[in-house]
Every structure is written in C-alpha cells, then in structure tokens.
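# Commentary on secondary and tertiary structure
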Amino acid sequence: MPDKKIYTDSGIEIEGLYSGNQRPETGDLEKPGEFPYTRGIQADMYRGKLWTMRQYAGFSTAEESNKRYHYLLSQGVMGLSVAFDLPTQIGYDSDHPLSEGEVGKTGVAIDTIEDIERLFAGIKLQDISTSMTINSTGFILLAFYVALAKKQGADLTKITGTIQNDILKEYAARGTYIYPPRYSMRIITDIFEWCSAHLPKWNTISISGYHIREAGSTAVQEIAFTLSNGKAYVKAALEKGLDINVFGKRLSFFFNAHNNLFEEVAKFRAARRMWAHIMKELGATDEKAMMLRFHTQTGGSTLAAQQPLNNIPRVTIQTLAAVLGGTQSLHTNGYDEALSLPTEDAARIALRTQQIVAFESGAPDTVDPLGGSYFIESLTNEVEKEALKLIERIDAMGGSVSAIEQGFIQNEIARSAYEYQQKVESGEKIIVGVNKFTAKEDNTTPLFKIDDSIRKIQSDRLAILKNKRDNNKATGCVAAISAAAKDGSNLMPVVIDAVENYCTLGEIADVLRAEWGEF
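Scope of this entry: the structure provided in the associated data block.

Basis of the calculations
- Each chain has its residues counted from 1, following the order in which its sequence is written.
- Residues qualify for local features only when their pLDDT is at least 70, as the model is predicted, and side-chain atom pairs are given and counted only at 80 or more; totals for whole chains, interfaces and linings, by contrast, use all residues.
- Hydrogens and water molecules were not included; the side-chain quantities draw on all heavy atoms of the structure.
- Only one rule defines a salt bridge in this text: a Lys or Arg side-chain nitrogen within 4 Å of an Asp or Glu carboxyl oxygen.
- A run of DSSP states H or I qualifies as a helix once it reaches four residues; a run of E qualifies as a strand once it reaches two. Both are numbered from the N-terminal end.
- Relative accessible area decides the class of each residue, using a 1.4 Å probe on protein chains only: under 20% of the type maximum gives buried, over 50% gives exposed, and in between gives partly exposed.
- Here a pair means two rings of Phe, Tyr or Trp (six-membered ring of Trp) with centres within 6.5 Å. Their orientation is stacked below 30 degrees between planes, edge-to-face above 60, and tilted elsewhere.
- Remark: a charge is flagged as sitting over a ring if the NZ atom of Lys or the CZ atom of Arg is within 6 Å of the ring centre and within 35 degrees of the ring normal.
- Contact criterion: two residues are considered in contact whenever any of their non-hydrogen atoms come within 4.5 Å of each other.
- By the criterion applied in these results, polar contacts are pairs of N or O atoms within 3.5 Å in which, for protein atoms, one can donate a hydrogen and the other can accept it, and in which residues neighboring in sequence qualify only through two side-chain atoms.
- Here, strands pair whenever DSSP counts at least two bridges between them.
- Here an angle of 0 to 180 degrees is reported between the N-to-C directions of two axes, which are lines fitted to C-alpha atoms, with helices fitted over the stretch in contact.

### Quick notes on the pattern of salt bridges
- Tallying each qualifying case throughout the model produces 35 salt bridges.
- Glu382 is paired through a salt bridge with Lys385; the nearest N and O atoms lie 3.6 Å apart. You can see Glu382 and its partner Lys385 sitting in helix H13 (residues 374-396), three residues apart, about one turn around the helix.
- Residue Glu382 is classed as partly exposed on the basis of its relative accessible area, which comes to 29%.
- A residue is classified by how much of its surface remains accessible, and Lys385, at 41% relative accessible area, is partly exposed.
- Residues Asp460 and Lys456 are paired through a salt bridge, measuring 2.8 Å at the closest nitrogen-oxygen approach. Taken together, the residues Asp460 and Lys456, both in helix H16 (residues 454-468) and four residues apart, mark about one turn of the helix.
- Here the salt bridges do not stand alone but share partners, grouping Glu63, Glu114, Asp115, Arg118, Arg461 and Lys468 into one network.

### Section: the packing of aromatic side chains
- One pass over the structure, following the stated rule, counts 19 aromatic pairs.
- Note on Phe253 and Trp275: the rings are 4.8 Å apart at their centroids and 70° apart in plane angle, and the pair reads as edge-to-face. In this pair, Phe253 is assigned in strand E9 (residues 251-257) and Trp275 in helix H10 (residues 261-281), connecting sequence segments 22 residues apart.
- Overall, Phe253 belongs to the buried group, its relative accessible area being 1%.
- The ring of Tyr92 carries the charged tip of Arg513 above its face, separated from the ring centre by 4.3 Å.

### Quick word on the environment of Asn229
- Residue position: Asn229 is located in helix H8 (residues 219-239).
- Along the primary structure Asn229 and Gly399 are separated by 170 residues, whereas in three dimensions their C-alpha atoms are 8.0 Å apart.
- Asn229 has contacts with Asp166, Leu168, Lys169, Ile207, Ile212, Ser400 and Ile404, leaving out every residue within four places of it along the chain.
- Engagement of the side chain of Asn229 in a polar contact is seen with the side chain of Ser400, the distance being 2.8 Å.

### Considering the sheet that holds strand E8 (residues 205-208)
- With parallel pairing, nine strands are arranged side by side in an open sheet as E7-E6-E5-E4-E3-E11-E10-E9-E8. Edge strands, defined here as strands with exactly one partner in the open sheet, are strand E7 (202-203) and E8.
- Note that strand E3 (residues 52-57) and strand E11 (residues 329-331) share three bridges and pair parallel. Each residue of the ladder has a partner; that of Arg54, found in E11, is His331.
- This element, H8, spans E8 and E9 of the sheet and lies at about 165° to E9.
- Packed onto the sheet, helix H11 (residues 311-324) meets E9, strand E10 (294-298) and E11 and runs at close to 165° relative to E10.

Structural data, given as structure tokens:
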C-alpha cells in the first residue's frame, strides 16, 4: 500500500525521506551575512546580538498603556510595540460619532500630542526602539513621536523604531485605509523622503505579511504578496527620484509564524533570498539595501479559545520557527488572546517563552542551525519556486496596486482561508482541543476588559485642549496641510508643525479627506 501523501499548509508535498540528491548545489556555497542572505543577514547572527524582544501592547488610555510598558521594560523587554485603537487607526478622534464603542478597545486611544506624552511618560525615546502598528495615519503618529522626541531634547539622528505604514496590505487584507491608493502611496514616499534626511535610523515601513496570513493566506502567499507589495513601494520611491541605496536600508518586513515549524523556517529563508534578488534587479548596489530585515509575531489566528493553555506550546513552536528562521525582532502572543486582550500574567509568560528559547534552548548558539538539512534546503527551494510563480502573475497584472484593484490578491487569500476552514471542519486538519482531543471545560481564564468610560475621558480631554490652544495657529496649520496636499510638497514638515500646535489626529486626517476623498 503506497504511503499517504502529506502536504505543508501551502500544499507543497512532503517526501518521506530527503537525501543528498535533493540538496541544492548552491547550498554549501552560501554564507550568512553575504548575498543573497538565505542563511541570515548577519555573519554571526544571535552570537553577536539576540533578536529584539518586543511585546505588543496598548489599550484603554495612554496612562494605562504606559503602566504596561514600564512593567514590560522591568521584565526584560528590549523594545516597545504599540497597539492603537480603531478610531486612531482610521483617523477619527475619540469624540467622533463613529468612534463610539471602539475607544481604547483594540489598542490605545491617541488623539493629540498630549496623549503621546502620557503614553511615554518616564521613557526616554532616545534609549528605546519603538514599533508602531499604524498604517493610514502612520504619518500623524510619526509626527507625534518626532514632536515628543524634540521636546525631550533627543538627537533625531539616534531615534530608532518602525512605523508599519504598509497601506497596500490594508486594501488587500485588513481594511484600515482612508484615502484612495495613489494618495496613500504619496504619503508613504513623503515619509521615505523626510526620514532619509531627518530620521536616518528609523524604519520607514514594515511591509507586512502578518495580516495577509491572519486573513487566511498560506505561507507561500504570505511572502509572495508581501514581497510584491514591497516592489510597489520601491518603484513608487524610485519614481519620486529617491535613492534606492538610501531608503532601501530603512525598509523592514513583518511576518507571521505559524505551527508548521519547517515550512515557516523555509519561508523566512526563501523570503530573504527572493528580496535580495528583487532589490538587485531594481538597481540596489549597497549590500544593506538588499537585506531583508524582519519582525515576527506569532500567529494570532492559530490561537484557540478552547483549552487556552494549549496556546502556550503553540507559541513556543512559533517562537522557535522565527528564531531558527533568523528574525531580527519578535513578539509572542499571550495564551488568552483568543478570548481578550492579554492579561499581565499572559504577557509575562509570552515574554518568558522568548527568554527560555534565547537562554535555555541552544537555538541561537549557531547561525542558521537548520541550514544544510536536506529537508530544509529542498523546502526553501519549493517555497521560493511557488512564491515566484505568484509574483510573476502579479507583475503581469501591472504590480500589486493593479492586482489589488482587480481583486486578485483578496480573492486568492479568501480562497485559501475557505479551503483551510473546510479541512478543519472535515477533520482533515487536526486542531488539538478544537476538532480533536476536546474536553468538557468551564473556562476559568481571567479576561482583560476595557471600560466604556474611556471615550468620555478622551472626549473631555479634547474639549479642554481645544479651549486652551491657540486656535488661530491650529487653523493656520490645517490650511498649510491642505496647501501641501494640493501642491505636492512633502507633508511631514507641516504635519509635525500641526501636532506641535495641538492639532488633533482627526483634524489632520479630515483635511486630507476633504482634499483627496475616501476609498
């Protein structure tokens, strides 16, 4: 009787045994830290420096989030990662009618520079690296951050961090967009240009496969669609006359880590190799501009509400995948996140998972520890081959923007999500504790709840601020943003001026809504 065929989650067939004849001829020739970086972007990887351990956090008011940041820093976190609530993400102040019921729920509410001051109270921005998961309003949050750094007397050339700023994946998979695509691309290239001159160590974009995967894509689709989006951003910057060897060094990526350990490791290795070749073809000559640097978050969609403690080993496997795959920074999810925002206990266990892998597992002790494995090398090649097929289809459509406008990327993700769910419901795909090995249980997991009174607190603060600020100056700042939107000049200087004069996030987003419309 023939062996049952086994496939990865991307549909790549797994052989029963891998041997030397399946090993790529180039495998022995590649070295870590050298083009095309399959084996890692640093020659010594984690022997030189561990990945940055981040914990994504943000909820309620800025003061409450600030307490969690101080707690995480005290527990050994090496960089902060800020979650924003939905109104902040789509450009509405907390007192806007559409903000009702959403203020402080999925992240922290940020309306003004005063909120940013509260968020980072007691934290020197020059001393930490901050990642902000924000897209359509990313330029406004960056302006708030820069304004606070200036108030603290920081040297802007030493400020490090990342804004996600990846609007294409919002149109394709997530939905927190505001403006039509071409205007959103204009904002992104303005950020590239301004940061190249004023904030040289800031990662101006984190091109995200994470949300593409959360929406239901396969591992192959995750890197294909993400790298295609990356190509679109690079081409837009080149059309603006920017130097690929300058802005290319500040591009970063954000990937998901799921449970299929070896496919995930192969995915990370393949993505590095593919991006190096893409950037070289687009004209990059500086080695650092060809390196794919990435943050990883463990898979939120893999977490189960049933038997939530099972999520701890899931996150551990995903952590190992990210580390064995060579990530530069990592967030580990709390075991309770299928039920609520993580409690303090769950956040601590998630961080300890990273620390145990770092200091007890031996995984970081050598570079690319799975490199040279017959299986991993073959799987890396297969993932790359299938991803390149998808990229070629997108290129034939005119690139990512066209493929999104035609619905191709959205439809591919939806099809994969549907097929996966069918496999779970039929029992072909086993999810422990969900469709097999179930148990009758009373869920006693403590939940983290956000009080609806947050909206009133934020609205009252907005009213006070608008009464005490110089409203003539604020009106002039809004007019300057409108003028820049019309004449094509860089938006960042006038937006920074606006936030320093206490214009609100909603006021800045609205003036551009008036100029450009909504998508």
